[in-house]
Amino acid sequence: MNQTRQTDSGIDIKTCYTNVDLPKGINEYPGEFPFTRGVQKDMYRGKLWTMRQYAGFSTAAESNKRYHYLLAQGVSGLSVAFDLPTQIGYDSDHPLSEGEVGKVGVAIDSLEDMEELFAGIQLEKVSTSMTINATGFILLAFYVALAKKQGADLKNINGTIQNDILKEYAARGTYIFPPRPSMRIITDIFEWCSLHLPKWNTISISGYHIREAGSTAVQEVAFTLSNGKSYVKAALEKNLDIDIFGKRLSFFFNAHNNLFEEIAKFRAARRIWAHMMKELGATDPKAMMLRFHTQTGGSTLTAQQPLNNISRVTVQTLAAVLGGTQSLHTNGYDEALGLPTEEAAMIALRTQQIVAYESGAADTVDPLAGSYFVEALTKEVEEKSLALISRIDEIGGSVVAVEQGFIQEEIARSAYTFQKDVESNERVVVGVNRFQIDENDTIAPFKIDDSIRIDQSEKLKKLRERRDNVAVSNCLESIRHAAVNHINLMPAVLDAVEHYCTLGEISDELRKVFGEFR
């Protein structure tokens, strides 16, 4: 039976591919422009990808225990999840924080919490990724202040803040300020880090959450790289050097189940970005490289037959590795039910280690290069992504496209089509709409107690009583002055956190100047 087949992006798949399907001029080498085959000449032969496990819950002290456990199991980098109040600039004792403190990540209200979060961990010896956007500049200041207290050389501190606000308006919703002042904060971070934190990745431009919101693979590439272009243009308008800040840009992509489309997606994204940066004025090849972290697809996990998710995560891990990721987080099989248990986190990490050391996938660079199917699919993903980027350019770029709702509408349409196909059984999800079984709930979800908010509020009360509140007032006034007068915010914010101003106090001071996005 010869049925029509398509990728998740609606690209038609032929029954058989031959050499006539190979695009012209694909005789490329890894580590060379346009980096389709990877950003390093020897890829994993030289150094394996960084194995991260995204973790953070409850209090800083509880999350610290998980970090020490993961480091003991062999992770090579930490990846911090923050709770919703931290993400949107509210302290744990704020009325709007009720019911959310410590739930989807760790609660960080002040430098005191950051000190507990990394107790016993030398920041010079670990790479830390922080999934934080609207308040990314404050969390970065906490991290830098802690590094200084540890006596670290800031030139050796490396890691990433996500710091990608445009995708928040389009796909996720944890924004605070309107788009234009938010873009100003991002370029302040670019500028400050180029002088003081040279190894820090100042932004992780995220396609992950765009995909989680329901986009296709093609839309994930197009919207992510279009957002990246907007950040680069904003930095250029501030007269920053593209060959310097361009090297500190990183990306964050999703890995879903359609193995070959995902591999093609990663390859196409590298090629598009290299050409895009060259057109924007980059001359240093390292500033044209698309380096990215991957997380396996949270939205692909099912609450039904959750152990099946181990197989899904394995396929997605292979897609990321065969696609040339620099860093990878694998989801726990139980995350459709709640936060991952220690057992699930360990199995997720072991999945990466088995692929790295037992599968042979890391033995040679870009092993699917030259595949009739993969090369043709890479070209198709590239062409469809470029067409969508051109539409955004015609609108006026990503900021205008977000303000007009274009990107949000495109994602919503794709999400609706996907759900309709699942419900009509056009698309098979094993264990959900086919191969169902009667199930007994045997997996106990990992839950966070609401008493965490009481504990955090008590800590905040004691902190405010013993700190120098005259200095706090002066620090907050300095932040306001910098915001109003278009002075780089980072020095004032760093001074504030070192005087134990809280995340909520700093955010509120800027709300007075910038307003809030509704």
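Higher on the page you've got the structure.
Rules used throughout
- Residues numbered from 1 in each chain as written.
- Predicted model: local features only at pLDDT ≥ 70, side-chain atom pairs only at ≥ 80, totals over all residues.
- Heavy atoms only, no water.
- Phe/Tyr/Trp six-rings, centres within 6.5 Å; stacked < 30°, edge-to-face > 60°.
- Helix = DSSP H or I, 4+ residues; strand = E, 2+ residues; numbered from the N terminus.
- Buried < 20%, exposed > 50% of the residue type's maximum accessible area, 1.4 Å probe, protein only.
- Lys NZ or Arg CZ within 6 Å of the ring centre and 35° of its normal.
- Axes fitted to C-alpha atoms, helices over the stretch in contact; angles between N-to-C directions.
- Parallel < 35°, antiparallel > 145°, perpendicular 65-115°, else oblique.
- Left-handed = near helix turned anticlockwise from the far one by under 90°.
- Contact = heavy atoms within 4.5 Å.
- Nonpolar A, V, L, I, M, F, W, Y, C, P; charged D, E, K, R; others polar.
- Salt bridge = Lys/Arg side-chain N within 4 Å of Asp/Glu carboxyl O.
- Expected span 1.5 Å × (residues − 1).
- Core = buried A, V, L, I, M, F, W, Y, C linked by side-chain atoms within 4.5 Å.
- Pairing = 2+ DSSP bridges.
- Right-handed = clockwise from strand over helix to strand, strands pointing away.
- Polar contact = N/O pair within 3.5 Å; in protein donor to acceptor, adjacent residues only side chain to side chain.

Novice: Quick one: what's the story with the packing of aromatic side chains, residue by residue and with numbers?
Specialist: This structure, assessed with the given rule, holds 18 aromatic pairs. Here Y143 and W200 contribute two aromatic rings whose centre-to-centre distance is 5.3 Å and whose plane-to-plane angle is 50°, an arrangement assigned as tilted. Taken as a pair, Y143 in helix α4 (residues 136-149) and W200 in strand β7 (residues 200-201) lie far apart in primary sequence, 57 residues in all. Across the pair, W200 and Y143 agree in class, each one buried. When the ring of Y169 is compared with that of Y175, the centres are 5.2 Å apart and the planes differ by 25°; the resulting orientation is stacked. Following the ring pairs from residue to residue traces out a cluster consisting of F251, F253, F266, W273 and F292. Over the ring of Y17 we find K14; its NZ or CZ atom is 5.6 Å from the centre of that ring. K278 extends its terminal NZ or CZ atom over the ring of F33, reaching a point 4.6 Å from the ring centre.

Novice: Before we move on, can you summarise the packing of α4 against helix α19 (residues 490-498) with the specific residues and values?
Specialist: Packing of α4 against α19 brings their axes to within 9 Å, and their N-to-C directions diverge by 60°. On the basis of their axis angle, the class for α4 and α19 is oblique. Between α4 and α19 the crossing geometry is right-handed. Contact with α4, carried on its side by F137, I138, L140, A141, F142, V144, A145 and K148, involves M490, V493, L494, V497 and E498 of α19 and no other residues of that element. In terms of residue class, the contact of α4 with α19 is made up of 11 nonpolar, no polar and two charged.

Novice: Explain the pattern of salt bridges to me, and be specific about the residues and the numbers.
Specialist: Counting across every chain of the model gives 34 salt bridges. Residues K265 and E262 are paired through a salt bridge, measuring 2.7 Å at the closest nitrogen-oxygen approach. Of this pair, K265 and E262 both sit in helix α10 (residues 259-279), three residues apart, which is roughly one turn of that helix. Since its relative accessible area comes to 0%, K265 is described here as buried. We note a salt bridge from D366 to R267, for which the minimum N-O separation is 2.9 Å. Here R267 lies in helix α10 and D366 lies in the loop between α13 (342-357) and α14 (372-395), a separation of 99 residues in the sequence. Grouping residues by exposure puts D366 and R267 together as buried.

Novice: Quick rundown of α14? Include the residues and the values.
Specialist: End to end, α14 covers 35 Å across 24 residues, agreeing with the expected 34 Å (1.5 Å per residue, within 8%). If you check which residues of α14 are buried, you get F373, V374, E375, A376, L377, T378, V381, E382, S385, L388, I389 and I392. Those residues of α14 that are buried are in contact with β2 (12-13), α8 (217-237), α10, α15 (398-403) and α16 (406-423). Note on α14: the residue one or two positions beyond its end, G396, has a positive phi of about 130°.

Novice: Quick rundown of the nonpolar core? Include the residues and the values.
Specialist: In terms of nonpolar packing, the biggest core is built from 130 residues, with M114, F118, M130 and I506 touching the most fellow members. A per-element tally of this core places α4 first, with 11 residues.

Novice: Report on the sheet that holds β7, specifying residues and quantitative values.
Specialist: Taken in spatial order, the nine strands of this open sheet run β7-β6-β5-β4-β3-β11-β10-β9-β8, and their pairing is parallel. Both outer strands of the open sheet, β7 and β8 (203-206), are each paired with one neighbouring strand and no more. The pairing of strand β3 (residues 50-55) with strand β4 (residues 77-81) spans four bridges and is classified as parallel. If you follow R52 over to β4, its bridge partner there is G77.

Novice: Explain the packing of α8 against α14 to me, and be specific about the residues and the numbers.
Specialist: Contact pair α8 / α14: the axes reach a minimum separation of 8 Å and the direction vectors enclose 45°. By the angle class used here, α8 and α14 are oblique. Where α8 crosses over α14, the two elements pack in a sense that is right-handed. Residues V218, Q219, V221, A222, F223, L225, S226 and K229 of α8 touch α14, and the partners they reach there are V381, K384, S385, L388, I389, I392 and D393. Of the residues belonging to the contact of α8 with α14, the class tally is nine nonpolar, three polar and three charged.

Novice: An account of the pairing of β4 is needed here, citing residue identities and associated values.
Specialist: Among the five residues of β4, five are classified as buried, and the element is accordingly described as predominantly covered. The alternating pattern of β4 places G77, S79 and A81 on one face and L78 and V80 on the opposite face, and all of these are buried. For the crossover from β3 across helix α1 (residues 60-73) to β4, the handedness is right-handed. In the sheet, β4 pairs with strand β5 (residues 128-131) via four bridges, with the strands oriented parallel. Counted as the bridge partner of V80 is M130 from β5.

Novice: I'd like a rundown of the side chain of N433, residues and numbers included.
Specialist: By the secondary structure assignment, N433 is in the loop between α16 and α17 (451-466). Judged by its relative accessible area of 15%, N433 is buried. Within polar-contact distance, the side chain of N433 engages the backbone oxygen of V422 at 3.0 Å. At a separation of 2.7 Å, a polar atom in the side chain of N433 contacts the main-chain carbonyl oxygen of R427. Not counting residues up to four positions away in its chain, the partners in contact with N433 are V422, N425, R427 and V428.

Novice: Please set out the environment of A134 residue by residue, giving values where relevant.
Specialist: Here A134 is to be found in the loop between β5 and α4. Assessed through its relative accessible area of 7%, A134 is described here as buried. For the pair formed by A134 and V493, sequence separation is 359 residues and the distance between their alpha carbons is 14 Å. In this structure, A134 is in contact with Q87, I165, T174, Y175 and I176, ignoring residues within four places of it in sequence.

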